[in-house]
Amino acid sequence: RDTIEDAGDGPRRARAQTRQIATSQGQSGGRCSATTAHGGARCTRTPIRACFICAEYAPYAKTGGLGDVAAALTAELTRAGHEVLSFIPLHGQINFRGARVEPVETLQRLTLAIGAREFVYDVKCARRPGAAAAVHLIDCPALSDRRLLCSDGPDGHLRYLMLARAALECCQRLGFAPDIVHCN
């Protein structure tokens, strides 16, 4: 919290920008009062804040069922009124068809050290019309600009370590303290 409060108004601006992108596309803004897809039931619990860190997220990046599950779960949680931020790597094969993609102004030209190496990354926010949830894309060309979504290259461990660390640092910069961190 001290780090977030000491960061000035950057976290508030970034949260407002993310909220503006979400609200302009019809997202409820985190209130736990939405009707669920399973009938007329309403959420009666306190809304949770969840950070999803995913290797794939349909339809942006999908090789199997993992991307479908990540997208469906985050969409359902969002519809139920929970606040969800999802992060995926900006793979070389991302499917942006029909999506609105914008840079997150306060999450540009960030650096992350892993061992002796330092990586520079940007964050973009993508949303398709009618989608319940937006997706944050971690753009680190040094690790994610590959021909395949999943590769067997020698730096595979660095790719996903970077994704996890960058997502958590983005949450901190956005002033988003998740109750749950879900990684897959």
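Notes on the structure in this doc start here.

Parameters at a glance
- Sequence order as written defines residue numbering, which begins from 1 separately in each chain.
- Owing to the predicted nature of the model, reporting of local features is limited to residues with pLDDT of at least 70; listing and counting of side-chain atom pairs is limited to 80 or more, with chain, interface and lining totals taken over all residues.
- The side-chain figures draw on all heavy atoms in the structure; neither hydrogens nor water molecules are used.
- Strands here mean DSSP runs of E at least two residues long; helices mean DSSP runs of H or I at least four residues long; both are numbered from the N terminus.
- Under this definition, polar contacts are N or O atom pairs within 3.5 Å; protein pairs additionally need one hydrogen-donor-capable and one acceptor-capable atom, and for neighbouring residues in sequence, both atoms have to be side-chain atoms.
- Should any heavy atoms of two residues lie within 4.5 Å, those residues are counted as being in contact.
- Helix span is expected to be 1.5 Å times the residue number reduced by one.
- Only protein chains enter the accessibility calculation, which uses a 1.4 Å probe. A residue is then buried if its area is under 20% of the maximum for its type, exposed if over 50%, and partly exposed in between.
- Whenever a carboxyl oxygen of Asp or Glu lies within 4 Å of a side-chain nitrogen of Lys or Arg, that contact is scored as a salt bridge.
- Geometry of aromatic contacts follows a simple scheme: Phe, Tyr and Trp rings, the Trp one being its six-membered ring, pair when their centres are within 6.5 Å, and the pair is stacked under 30 degrees between planes, edge-to-face over 60, tilted otherwise.
- Placement of a charge over a ring requires the Lys NZ or Arg CZ to be within 6 Å of the ring centre, with the centre-to-atom vector within 35 degrees of the ring normal.

### Comments concerning the side chain of Thr74
And step 1. Turning to its location among the elements, Thr74 is positioned in helix H3 (residues 65-79).
And step 2. A polar atom in the side chain of Thr74 sits 3.2 Å from the backbone oxygen of Ala71.
And step 3. Apart from the residues lying within four places of it in its own chain, the contact partners of Thr74 are Phe52, Tyr57, Val84, Ser86 and Ala133.

### As for helix H5 (residues 156-173)
And step 1. Taking 1.5 Å of rise per residue, 18 residues should cover 26 Å, and H5 covers 26 Å from first to last C-alpha, within 8% of that figure.
And step 2. All of the buried residues in H5 are Gly156, Leu158, Arg159, Met162, Leu163, Ala166, Ala167, Cys170 and Cys171.
And step 3. Of the residues trailing H5, Gly175 is marked for its positive phi of about 70°.

### With respect to the pattern of salt bridges
And step 1. On inspection of all chains with the given rule, the structure shows six salt bridges.
And step 2. With its nearest N and O atoms 3.2 Å apart, the salt bridge here joins Arg49 to Glu83. Residue Arg49 is found in strand E1 (residues 49-53), and its partner Glu83 is found in strand E2 (residues 83-89); the two are separated by 34 residues along the sequence.
And step 3. Of the charged contacts, one joins Asp139 and Lys124 as a salt bridge, the two residues approaching to 3.1 Å between their closest N and O atoms. Pair noted here: Asp139 is in strand E6 (residues 135-139) and Lys124 is in strand E5 (residues 117-127), with a separation of 15 residues, a long-range link.

### Here's the deal with the packing of aromatic side chains
And step 1. In the structure shown here, the tally under the stated rule is one aromatic pair.
And step 2. Ring centres of Tyr57 and Tyr60 lie 6.4 Å apart, and the angle between their planes is 35°; this geometry places the pair in the tilted category. The exposure classification of Tyr57 matches that of Tyr60, with both residues buried.
And step 3. For the cation-ring pair, Arg128 lies above Tyr60, with the distance from its terminal atom to the ring centre recorded as 4.5 Å.

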